[in-house]
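# A closer look at the structure
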Amino acid sequence: MYKYNDFDAAFVRNRVAEFRGQVDRRVDGSLTEDEFKPFRLMNGLYLQLHAYMLRVAIPYGTLNGAQMRQLAFIADKWDKGYGHFTTRQNIQYNWPKLSDVPDMLDALADVEMHAIQTSGNTIRNVTADHFAGAAGDEIADPRPVAELLRQWSTDHPEFQSLPRKFKIAVSGSENDRAVLRAHDVAVQVVEQDGQRGYRIFVGGGLGRTPMIGKVLREFLPEADLLPYVEAVVSVWNLLGRRDNKYKARIKITVHEHGIEEISRLVEDRFAQIKPMFGGVDQQMLQEITAHFAEPEYVAGGTAGYDAYRAANPAFRSWSDTNLAAHKNDDYAIVSISLKAHGATPGDASSEQMRVMADLAEEFAHDELRISHEQNVILPHVHKADLPALYNALRAVGLATANIGLISDIIACPGMDYCALATARSIPVAQEIAMRFDALKLEHEVGPLKLKISGCINACGHHHVGHIGILGLDRAGVESYQITLGGDGTQDAAIGERAGPGFGADEIVPAIERLVLGYLELRHAPDETFLMAYRRLGVAPFKNILYPEKAEKNAA
Amino acid sequence: MAKGFTPKVVTANALLEGDAVWLTIDDTWTRDMREAELIDDAAHADIRLIDAQKRQDEIAGPYLADAKDSDAGPVPVHFREDFRTRGPSNYAHGKQVELK
């Protein structure tokens with residue numbers, strides 16, 4: 001894991017001290033809210049429906065046990081004993097008091113964390129494949145690149161006042177687990193003729209105008225990465241529509257100017273700035289890469305795991321859904337579900353955080369990840385330790401066997417917390433999970449990604465859910481619109497609107513109808529919801545959702 | 001009451017806690033919306049909002065929200081404002097427990 005150097009540590013401390021002064025001046029009335037707002041946003045502090053909200057960056061979703069334990073400490077000392085993990089691999093505290101925030105930031109700095117650039121029109125927290133460094137299908141760990149981008153983008157003088165926010169994701173695999181194609185820029189490690197390089201995507205994004213990112217460069221040599229990404233942001237910084245917030249994101253710029261023109265401008269700019277980098281970026285990358293050495297794997301048999309699996313059906317079910325293949329055959333990647341049926345997606349109590357911190361230290365080479373799907377990952381667990389790990393997780397309600405199933409729902413905070421929301425998300429997620437748990441059907445239904453956003457900004461990624469739900473305000477009433485066939489992987493697709501919205505009391509029955517209907521439609525149990533949708537198209541699913549209309553059409 | 005005007009309350013977030021507060025007729029901030037001043041005149045509403053905007057060291061983000069009268073005092077019209085009087089639906093946090 002990356003370890004702060006003296007420069008990093010001093011920078012973060014200085015920022016906390018600066019913000020402490022700004023908070024003091026706000027509290028004593030010297031600063032108005034309008035004057036203060038840009039400062040608080042630079043430090044991840046929002047004002048929401050019921051309280052302030054502090055959004056803490058977890059760079060590329062990686063943290064160690066001590067950091068997780070500190071997140072628990074902060075939750076207990078200054079919040080209400082829990083935190084909410086988000087689709088950008090951040091953690092949000094929902095109840096901080098303004099005057100406590102500088103102390104919270106100091107406590108974060110104690111463990112090399114911060115909330116810088118988790119808001120505002122800047123380059124945001126760089127996200128990564130949550131299996132990075134562990135996945136069997138990976139060309140290289142993309143996190144050194146993510147860390148390089150984090151250092152480069154933090155306080156970058158040219159990019160502190162961009163046309164709008166800018167989101168970067170990285171991955172080292174062809175299998176896209178980081179929703180690369182829904183990012184402003186995405187970097188994928190690739191190999192060509194034995195050479196390591198990057199595929200660069202540009203112009204993806206969700207929100208009110210969802211777009212799938214396009215390939216800007218099929219193969220970028222390793223040494224060109226930083227000047228090239230700087231060229232992209234620089235071109236957009238000039239062209240981006242500052243006149244209209246809804247057209248300011250780079251996806252619109254790419255759409256308006258065309259990928260060829262953007263590519264030409266980027267290459268021109270790149271040629272201009274590349275000589276200025278002089279190799280210092282590569283030297284830094286080399287130093288950073290040393291921090292991400294593979295763990296020292298423990299040798300040893302996995303017979304105990306196999307025996308426990310055979311003997312314990314609940315453990316077998318959990319290991320079937322919550323484990324992924326590690327590049328070391330004796331190891332597994334463990335996904336800890338933060339989606340217990342009826343719980344708030346992405347929330348963890350301070351007790352749960354402490355248990356996960358302990359388990360990471362004991363069983364997982366002291367590493368944890370936060371996934372964009374709002375779960376926690378232990379990337380390196382020896383299979384012999386899985387039974388003990390499972391039982392420890394079970395004791396604190398963290399052994400739900402539902403990763404990738406219908407109750408593993410992404411949900412934004414929605415109108416239970418968020419000032420921008422147009423409807424609630426959390427209760428819908430809770431009810432759907434409870435309903436399918438009661439039906440005892442979700443394992444039979446199989447892989448199904450359901451994602452819920454409480455407004456058009458799409459923090460809940462509903463556009464790329466196999467089933468997406470968008471909460472809207474229709475004439476003063478919560479209304480939920482369903483989209484179908486979205487996909488956030490390498491086969492990315494934007495879901496198609498199924499039809500008119502459903503009321504709050506209609507949405508759960510509608511989802512139940514839809515999923516039961518799919519079970520009738522699929523031609524074999526291994527045809528997933530998304531595969532059936534791609535084979536059959538939207539029509540039969542619309543008929544299931546709107547039976548009255550289907551009958552009328554048939555008559 | 002002016003025709004076609006939906007009555008209003010002035011509401012904001014408290015500066016330190018960030019929670020919802022409402023302006024009362026005697027110029028204090030209350031955490032119980034039912035104690036707020038219900039304004040049924042557009043011009044008066046504008047003046048009260050300006051009054052609120054001057055009180056930057058107490059609150060942030062004041063605005064006028066639709067409300068209606070009840071036996072207990074002003075109550076929200078829109079569900080968003082209703083949530084602000086209670087707190088989130090997933091935990092017993094916020095005003096739904098603090099006001100008891």
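Residues numbered from 1 in each chain as written. Chains lettered and ligands numbered in written order. Predicted model: local features only at pLDDT ≥ 70, side-chain atom pairs only at ≥ 80, totals over all residues.

When helices and strands are tallied, chain B shows three helices and five strands. Each helix and strand of chain B, ordered N terminal to C terminal, gives the series β-β-β-α-β-β-α-α. Relative to the 2.2 N^0.38 estimate, which gives 13 Å for 100 residues, the radius of gyration of chain B is 13 Å and therefore close to what a compact globule would have. Along the first, second and third principal axes, the C-alpha set of chain B runs to 40 × 30 × 20 Å. (Helix = DSSP H or I, 4+ residues; strand = E, 2+ residues; numbered from the N terminus. Rg over C-alpha atoms; globule rule 2.2 N^0.38 Å.)

All right, on to the overall build of chain A then. Within chain A one finds 19 helices and 21 strands. In terms of C-alpha radius of gyration, chain A reaches 23 Å, essentially the compact-globule figure of 24 Å for 555 residues. Viewed in the frame of its principal axes, chain A has a C-alpha envelope of about 65 × 60 × 60 Å. In chain A, buried positions account for 52% of the 555 residues. Intrachain contacts of chain A at a sequence separation of at least 6 include 67% that bridge at least 24 residues. (Buried ≥ 20, exposed ≤ 12 C-beta atoms within 10 Å, placed from the backbone. Contact = placed C-beta atoms within 7 Å.)

So, about the sheet that holds strand 1 (residues 45-47) of chain A. All names here are of chain A. The five strands lie next to each other as 1-2-5-4-13, forming an open sheet whose pairing is antiparallel. The open sheet terminates on both sides in strands that have one partner only, identified here as strand 1 and strand 13 (347-349). Taking each pair of neighbouring strands and ignoring which way they run, the sheet shows an average axis angle of 30°. For strand 1 and strand 2 (residues 52-56), the ladder comprises three bridges, and the chain directions are antiparallel. Residue pairing in the sheet places Leu45 in a bridge with Leu54 of strand 2. (Pairing = 2+ DSSP bridges. Axes fitted to C-alpha atoms, helices over the stretch in contact; angles between N-to-C directions.)

Residue and element names in this part refer to chain A. In this structure, Leu54, Met68, Val202, Val232, Met356 and Leu378 are the most contacted members of the largest nonpolar core, which totals 171 residues. Per element, the largest residue contribution to this core is nine residues, and it comes from helix 6 (residues 225-239). When neighbours within four sequence positions are excluded, Val202 is seen to be in contact with Val185, Gly213, Lys214, Leu216, Val232, Ile250, Val254 and Ile262. (Core = buried A, V, L, I, M, F, W, Y, C linked by C-beta atoms within 7 Å.)

This part is about the sheet that holds strand 2 (residues 20-23) of chain B. All names here are of chain B. With antiparallel pairing, the five strands of this open sheet are ordered in space as 3-2-1-4-5. The sheet is open, and its two edges are formed by strand 3 (29-30) and strand 5 (75-76), each paired on a single side. As paired strands, strand 2 and strand 3 are joined by two bridges and run antiparallel to one another. By the bridge assignment for strand 3, Trp22 is matched with Thr30. Its contacts with the sheet put helix 1 (residues 42-53) on strand 1 (8-14), strand 2 and strand 4 (59-68), and the angle it makes with strand 4 is roughly 155°.

Attention shifts here to the domain arrangement of chain A. Partitioning chain A into domains gives domain 1 (6-109), domain 2 (142-291), domain 3 (303-394) and domain 4 (411-554). The C-alpha-based centres of domain 1 of chain A and domain 2 of chain A are spaced at 27 Å. (Domains from an automatic or database assignment.)

Below, the discussion takes up unusual backbone geometry. Residues and elements named next belong to chain A. Even without glycine at this site, Gln117 takes up a positive phi of about 55°. Here Gln117 is to be found in the loop between helix 4 (101-109) and strand 6 (127-128). The class of Gln117 is buried, set by 26 C-beta atoms lying within 10 Å.

Here we come to the environment of Tyr82 of chain A. Residues and elements named next belong to chain A. When you line up the elements, Tyr82 lands in strand 4 (residues 82-85). Between the C-alpha atom of Tyr82 and that of Gly213, which follows or precedes it by 131 residues, the distance is 35 Å. The contact partners of Tyr82, leaving out residues within four places of it in the chain, are Ala75, Asp347, Ala348, Ser349 and Ser350.

Here we take up the environment of Ala539 of chain A. Residues and elements named next belong to chain A. Within the fold, Ala539 resides in helix 18 (residues 539-545). Since 9 C-beta atoms lie within 10 Å of it, Ala539 is described here as exposed. Once the C-alpha coordinates of Ala539 and Ala550 are considered, the two residues, eleven residues apart in sequence, prove to be 9.6 Å apart.

Glancing now at the pairing of strand 9 (residues 195-202) of chain A. Residue and element names in this part refer to chain A. Sheet analysis places strand 8 (residues 185-192) next to strand 9, joined by eight bridges and oriented antiparallel. Residue Gln192 lies in a different strand from strand 9, and its bridge partner there is Gln195. Between strand 8 and strand 9, which pair antiparallel and follow one another directly, the connecting turn spans two residues, one of which, Asp193, has a positive phi of 50°. Sheet topology places strand 9 next to strand 10 (residues 214-221); five bridges connect them, and they run antiparallel. The partner of Phe201 across the bridge, within strand 10, is Val215.

Residues and elements named next belong to chain A. The set of residues buried in helix 4 consists of Val101, Met104, Leu105, Leu108 and Ala109. Looking straight down helix 4, one finds its buried side chains confined to an arc of 145°; they lie on one side. The inward-facing, buried residues of helix 4 abut helix 1 (6-27), strand 1, strand 2 and helix 3 (65-78). (Arc of directions from axis to C-beta.)

Facing the 23 residues of chain A at the interface are 22 residues of chain B. Taken together, the residues of the side of chain A that touches chain B break down into ten nonpolar, six polar and seven charged. (Nonpolar A, V, L, I, M, F, W, Y, C, P; charged D, E, K, R; others polar.)

On to the packing of helix 3 of chain A against helix 12 (residues 350-363) of chain A. All names here are of chain A. Interaxial distance between helix 3 and helix 12 falls to 8 Å at its minimum, and their mutual angle equals 165°. Looking at the two axes, helix 3 sits roughly antiparallel to helix 12. In the packing of helix 3 onto helix 12, the handedness of the crossing is left-handed. Between helix 3 and helix 12, the contacting residues are Gly65, Met68, Arg69, Leu71, Ala72, Ala75 and Asp76 on the first element and Ser350, Met353, Arg354, Met356, Ala357, Asp358, Ala360 and Glu361 on the second. Looking at the contact of helix 3 with helix 12, its residues break down into eight nonpolar, two polar and five charged. (Parallel < 35°, antiparallel > 145°, perpendicular 65-115°, else oblique. Left-handed = near helix turned anticlockwise from the far one by under 90°.)

Residue and element names in this part refer to chain A. Where helix 5 (residues 143-153) contacts helix 9 (residues 280-291), the axes come no closer than 9 Å and their chain directions differ by 125°. Between helix 5 and helix 9, the interaxial angle falls into the category oblique. Where helix 5 crosses over helix 9, the two elements pack in a sense that is right-handed. Counting all contacts with helix 5, which are made through Pro144, Glu147 and Leu148, the residues of helix 9 involved are Asp281, Met284, Leu285, Ile288 and Thr289. Taken together, the residues that form the contact of helix 5 with helix 9 break down as five nonpolar, one polar and two charged.

Time to look at the pairing of strand 2 of chain B. Residue and element names in this part refer to chain B. Residues of strand 2 alternate between two faces, with Ala20 and Trp22 on one and Val21 and Leu23 on the opposite face, all of them buried. Following strand 1, the chain reverses through five residues before pairing antiparallel with strand 2; Gly18 in that reversal takes a positive phi of roughly 80°. The loop that links strand 2 with its antiparallel partner strand 3 comprises five residues; one of these, Asp27, has a positive phi angle of about 65°.

With that settled, consider the confidence of the model for chain B. Mean pLDDT over chain B: 95, with 97% of residues reaching 70 or higher. Interface scoring of the predicted complex returns ipTM 0.96; its pTM is 0.97. (pLDDT = per-residue confidence, 0-100.)

Attention shifts here to the environment of Ala419 of chain A. One can find Ala419 of chain A in the loop between strand 16 (410-411) and helix 14 (426-439). Beyond its immediate sequence surroundings of up to four residues, Ala419 of chain A is in contact with Leu47, Gln48 and Leu49 of chain A.

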